[in-house]
Amino acid sequence: MEITTKEMEAHSNSISDIKVDASFRKIPKNAICFHVWKIDEDRLEAEPKSQYGIFIDDCAYIIYAASPVGGYVNQHTITREVKSSSTVERFIHFWLGENVSEQKRSNVAHKIQELDSYFSNTATEYRETQANESPRFLSYFKAGITIKSGLLLHSPDVNRLYQLYGRHFLRCFEMKSISWEHFGADHIMFLNTAQQFYVWIGRSSSNIERRHAIELANTHRVNSEDIMIVDDGYEQSMPEKQKREWNSFLPLNQRVVCQSSSMIEKTICNKMKIYKCCYRNNRLHLDQLDVVIPTKEDLNDSSTVFVLDGIAQGVWLWVGNQAPQQEKTGALGNGRAFVKKKKYPHNTPVIRVTEGHEPMEFMRLFPSWHSDSGDSQFSLKPSPTVLGKFDSLTLCQRPKMAADTQLIDDGTGERKIFRIVKDQVIEVTANKPAVFITTSSYVVQYSVVCNSMNTSDSESVGVKQVIFQWNGVEASADVTSKAEKFAKNLFENVAQKNMFVQMNEFDETPHFLQLFEGKLIILHNEKKVFLQISNSTTNNNINALQNMQKTDHFILKIFGDATYNAKAIEVLPLNNLNSKDCYVVQSEHVWVWCGQSSTGDAREMAKKVGSVLGENSLVMENKEPREFWLSVSNLMSQTLIVNGLNNCNSAASNGSASSGLSPQGITNGSLSGIATASGSMQYLQTTHKSRWQAQLFLVWTQRGKFFSQEIMGYEQSDLSPESVYILDAGILTYVWLGKYSTASEKEKYLNLAQHYLETVPMARRPNSAVAIIRQHDEPNIFKGFFDGWNYKHWQNYVNYINKRQIMAAVSADMGAPLTNGCNGSNICFNAKLPPALLNNQKDFDRHQKYPITVLQQEIEFLPPEINPLKREVHLTHDDFVSLFHMSFWEFDDLPAWKKQELKKKHKLF
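If you're wondering where the values come from, they're calculated on a predicted model, not measured in any experiment.

Trainee: An account of the overall build of the chain is requested, with residue identities and associated values reported.
Mentor: Within the chain, the secondary structure is distributed over 29 helices and 40 strands. Looking at the chain as a whole, 59% of its 909 residues are labelled buried. Long-range contacts, defined here as pairs at least 24 residues apart, represent 69% of the contacts in the chain between residues at least 6 apart. As presented, the chain carries roughly 38,000 Å² of accessible surface, and 48% of it is formed by carbon and sulfur atoms.

Trainee: Outline the pattern of salt bridges, listing residues and values.
Mentor: According to the stated counting rule, one finds 33 salt bridges in the structure shown. Lys-276 is the salt-bridge partner of Asp-301, the closest N and O atoms lying 3.2 Å from each other. Residue Asp-301 is located in the loop between β16 (283-288) and β17 (305-309), and its partner Lys-276 is located in strand β15 (residues 273-280); the two are separated by 25 residues in the primary sequence. One salt bridge in this structure joins Glu-872 and Lys-870, with 3.8 Å as the shortest N-O distance. Its relative accessible area of 2% is what places Glu-872 among the buried residues. Salt bridges sharing common partners tie together Asp-21, Lys-111 and Glu-114.

Trainee: Describe the nonpolar core, and please don't skip the residues or the numbers.
Mentor: Within the largest apolar cluster, 170 residues are counted, with the highest numbers of intra-cluster contacts made by Ile-62, Trp-246 and Tyr-734. Tallying contributions element by element places strand β5 (residues 60-68) first for this core, with 7 residues. In this structure, Tyr-734 is in contact with Gln-406, Met-499, Tyr-725, Ile-726, Leu-727, Ala-729, Ala-771, Ile-773, Ile-781, Phe-782 and Phe-785, ignoring residues within four places of it in sequence. Core analysis: the second largest hydrophobic core is formed by 27 residues, Val-443, Val-724, Ile-726 and Leu-750 among them.

Trainee: Just give me the short version of helix α27 (residues 877-884), but keep the residues and values in it.
Mentor: When you tally the buried positions in α27, you get 6 out of 8 residues, the bulk of the element. Along α27, the positions that sit buried rather than exposed are His-877, Asp-878, Phe-880, Val-881, Leu-883 and Phe-884. Its buried side turned inward, α27 meets α25 (835-840), α26 (852-855), α28 (888-891) and α29 (896-905). His-885 occupies a position one or two residues after α27 and carries a positive phi of about 60°.

Trainee: I'd like a rundown of the sheet that holds strand β32 (residues 616-620), residues and numbers included.
Mentor: The sheet built from 7 strands is open, its strands ordered β22-β26-β28-β27-β30-β31-β32 with mixed pairing. A strand with exactly one partner marks an edge of an open sheet, and here the two such strands are β22 (435-437) and β32. Taken over all neighbouring pairs, the strand axes of this sheet differ in orientation by 25° on average, direction set aside. By the bridge criterion, 5 bridges tie strand β27 (residues 554-559) to strand β30 (residues 582-586) in an arrangement that is antiparallel. Bridge pairing in β30 places Leu-556 opposite Val-584. Along the sheet, helix α17 (residues 600-613) makes contact with β26 (521-523), β27, β28 (567-570), β30, β31 (590-594) and β32, crossing β30 at roughly 15°.

Trainee: Summarise the pairing of β30; cite the residues concerned and give the values.
Mentor: With 5 of 5 residues buried, β30 is to be regarded as a mostly interior element. Residues of β30 alternate between two faces, with Cys-582, Val-584 and Gln-586 on one and Tyr-583 and Val-585 on the opposite face, all of them buried. Where β30 and β31 come together, 5 bridges link them in antiparallel fashion. Among the inter-strand pairings, Tyr-583 is bridged to a residue of β31, identified as Trp-593. Adjacent in sequence and paired antiparallel, β30 and β31 are bridged by 3 residues.

Trainee: Lay out the environment of Asn-223 with the relevant residues and their values.
Mentor: With respect to the helices and strands, Asn-223 occurs in the loop between α4 (207-220) and β14 (227-231). Considering only alpha carbons, one finds Asn-223 and Phe-197, 26 residues apart in sequence, at a separation of 10.0 Å.

Trainee: Any chance you could break down the packing of aromatic side chains for me, citing the residues and the numbers?
Mentor: By convention here, two paired aromatic rings are described through the distance between centres and the angle between planes. Summed over all chains, the structure comprises 61 aromatic pairs. Between Phe-880 and Phe-891, the ring centres sit 5.3 Å apart and the planes meet at 80°, which makes this aromatic pair edge-to-face. A residue pair is termed long-range when its members are at least 10 positions apart, and Phe-880 in helix α27 and Phe-891 in helix α28 qualify at 11 residues. What links up through ring pairs into an aromatic cluster is the set Tyr-714, Tyr-725, Tyr-734, Trp-736, Phe-782, Phe-785, Phe-786, Trp-789 and Trp-794. One residue, Arg-136, lies across the ring of Phe-91, its end atom 3.8 Å from the ring centre.

Trainee: Describe in detail the pairing of β17, supporting the description with residues and values.
Mentor: In terms of residue burial, β17 counts as a mostly covered element, since 5 of its 5 residues are buried. Covered by surrounding structure in β17 are Val-305, Val-307 and Asp-309 together with Phe-306 and Leu-308, the residues of both alternating faces. Examined bridge by bridge, β15 and β17 share 4 bridges and lie antiparallel to one another. Bridge assignment links Ile-274 to a residue of β17, and that residue is Leu-308. Two strands pair when backbone bridges link them, and β17 and strand β18 (residues 315-319) are joined in this way by 5 bridges, in the antiparallel orientation. Pairing of Asp-309 across the sheet is with Val-315, part of β18.

Trainee: Explain the sheet that holds strand β37 (residues 705-711) to me, and be specific about the residues and the numbers.
Mentor: Read across the sheet, 10 strands follow the order β21-β20-β23-β24-β25-β40-β39-β38-β36-β37 without closing on themselves; strand pairing throughout is mixed. A single partner strand is all that each edge strand has here, and the edge strands are β21 (424-428) and β37. Pairs of neighbouring strands in the sheet enclose a mean axial angle of 20°, with direction left out of account. One ladder, built from 5 bridges, connects strand β39 (residues 733-737) with strand β40 (residues 770-774); its direction is parallel. Bridged to Trp-736 within β40 is Ile-773.

Trainee: Residues and numbers for the side chain of Glu-209, please.
Mentor: Structurally, the position occupied by Glu-209 is in helix α4. Buried charge Glu-209 goes without a salt bridge, the closest partner of opposite sign being Arg-167 at 4.5 Å. A polar contact is formed between the side chain of Glu-209 and the backbone nitrogen of Gly-166, at a distance of 2.8 Å. Setting aside residues no more than four positions away along its own chain, Glu-209 makes contact with Tyr-165, Gly-166, Arg-167, Asp-186 and Ile-188.

Rules and cut-offs
- Residues numbered from 1 in each chain as written.
- Predicted model: local features only at pLDDT ≥ 70, side-chain atom pairs only at ≥ 80, totals over all residues.
- Heavy atoms only, no water.
- Helix = DSSP H or I, 4+ residues; strand = E, 2+ residues; numbered from the N terminus.
- Buried < 20%, exposed > 50% of the residue type's maximum accessible area, 1.4 Å probe, protein only.
- Contact = heavy atoms within 4.5 Å.
- Areas by Shrake-Rupley, 256 points an atom, 1.4 Å probe, with all protein chains shown as cover.
- Salt bridge = Lys/Arg side-chain N within 4 Å of Asp/Glu carboxyl O.
- Core = buried A, V, L, I, M, F, W, Y, C linked by side-chain atoms within 4.5 Å.
- Pairing = 2+ DSSP bridges.
- Axes fitted to C-alpha atoms, helices over the stretch in contact; angles between N-to-C directions.
- Phe/Tyr/Trp six-rings, centres within 6.5 Å; stacked < 30°, edge-to-face > 60°.
- Lys NZ or Arg CZ within 6 Å of the ring centre and 35° of its normal.
- Lys, Arg positive; Asp, Glu negative; His and termini not counted.
- Polar contact = N/O pair within 3.5 Å; in protein donor to acceptor, adjacent residues only side chain to side chain.

Dropping the structure here:
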């Protein structure tokens, strides 16, 4: 791809002689701070803190944020200097309103170069556009942002119309005119007049948006009695005085509401392409790299720039340390040229990062970034440190430690194991060895151990039971489906506080493996030896165990080196013995073979597995007796290679030939590089030694599509009881169900998790482990990701439905028209419940709405989504009342014959 200079945005070629603006020079170079400036023509004006979060749509703004590495700042951050030895992350955002002039675009481009040069080109630069701001930008303004119209700044008319949307970060847009054309069912609208403040609630908006909008309305009006709630389709239910005023601005006979918004949040795309920038014949060319999944090694030239095309996530430009100054300053311009060349939307985000100063959101695009660089910033404590020094009580009392290790307790609690085979659920005897068959699914019901009588310790743990579902890679869809149904039934019907963890083979969580103390054995089929071991254990006949004839021959490869990351997997056929690994050979005798490069911890785990099989002999590499080679000879597919370190990855599959693994390797629950099945299973040894910083997403579905919104710098207060969130901890993906989330979300929580894993903006295995937790039942391994978890945080929370009920009651008691349908309306069905809430109990407003004339047409002319036998649900409330003289809530309680008679009368049948 070739890019010409005409396609680049205006950027100067050199900053050697740039004079840095005086406003920028006032910023301490080593300080945590947050600043906002507005570009007004050719002037740079520092915004007062009271105006942070308010933008004008014909202006450009510069935001500078400096935070500790891995930390976050926001609009309320107070400037404070730090030691020169402390590392500070710098971010420069320039925001462009949709009506900004070309002159202001050019001016802001030059100003950010001044600011960037002041900090020696180490800042990450973001190009932000109105209504398409990045998660980091939005994180600065927790209460949301307001966009004012530049055309109305000096207008003498005080009446204003605002459009609002955004489930977590509420965006409030001032409209240029007061007109029905701005109304959409997905939106909330503010009509601010001299006498009244109207809050119009779109029927497809979410409860969390509605609640935030009412709170924002209270900041606009000191007197809450001036606020009037108007429901979509219920405008005729307003009191006469308010209806007359509404009609003077928005005539109801001209009412038109868009059924679906074009401004809905974008879905995530996880495809990534990498281009290397190079000049040929003095022209810039982009050469695409042959990359399926990006790795840090792909950025292998510090003297140039690489372009990462993430489409929906934006276009990233990585600038090497040795790149010419022109490349550093012109990177954003080249990025914009790339967007134009690709004919991407004009609001596609463009971000420039510099080598050695990559932000977390850039590093996450590379699943193996930390393991490639050896970064131990996010490492987990090794098992000996945790379980040697600390016990279940310590993990109970220290949620942060529990989250770091992903261990709820030490795994010594009572457990019940159920095996799902075809249409049967079989409880496995507790005293049997922990042996899972890869063609089956298993459900484990585990009771958590706290060892404390202190109520606060019990609260800290959060759950009494954990329901685990484990699916073998060769288990059929019918088996996994039956296991899921059985596990969900336990999760949803057990009276105790609990959580549900669903995982697949190769994705076991640390706590699950800890239950078996690293001695979990996974086989391709059942072995007689384990039945004999179980019987001998039951009968307590040691001699019988030692003298029994063991007809099964197999080899187990040991993965992991600690009780919380180790297990043994049957490998067949055996192609090589890796010097880095340990094996347990079951034949007429039990052998524990340890490679010369294996660790002492791995050898200990191998000996534990060997002891499960009975009396065994330890064999070191290069010291094997002749009997050992005779034992393994019949398990080989070819001449056995004892390879040492040279051929450790030469086997096509060191596990089952039908292991079901993808051809990509696995790192940190993510796909990375290319590896064999052996290399893929190596993940089990490395996954718990490095992981990403956890990410929080608000997730939802709308019109059958999945959406997510990342929340950076998250806190407990970011979890709304009216929503569902996903906390991605890498090892485990948590789905948090708010108490007041919708019935559909509570029922289809696993679908939300699956959609997230398939669309997450980084390469991930779609079958990674998932944990389902409910509000007020959060385990310590979840709460530890939030600083200062407060158990009483939601004690006084009032959800949207209750808030409306309270406002309706106030209307009835004080005569103040706070909500339509009550107090003064000629149709008020319940003084304490507005008609919109009553109808919503029957899902009336979840259906798309059409004019009466459309619904009265012949069947062949009806829109496709309309059920001809249920046309009435597609009426607005006002139209319904005008025809039937009652609400849908009342109509639905009538006898079937009466309803049919009324529908025929009004040509809706």
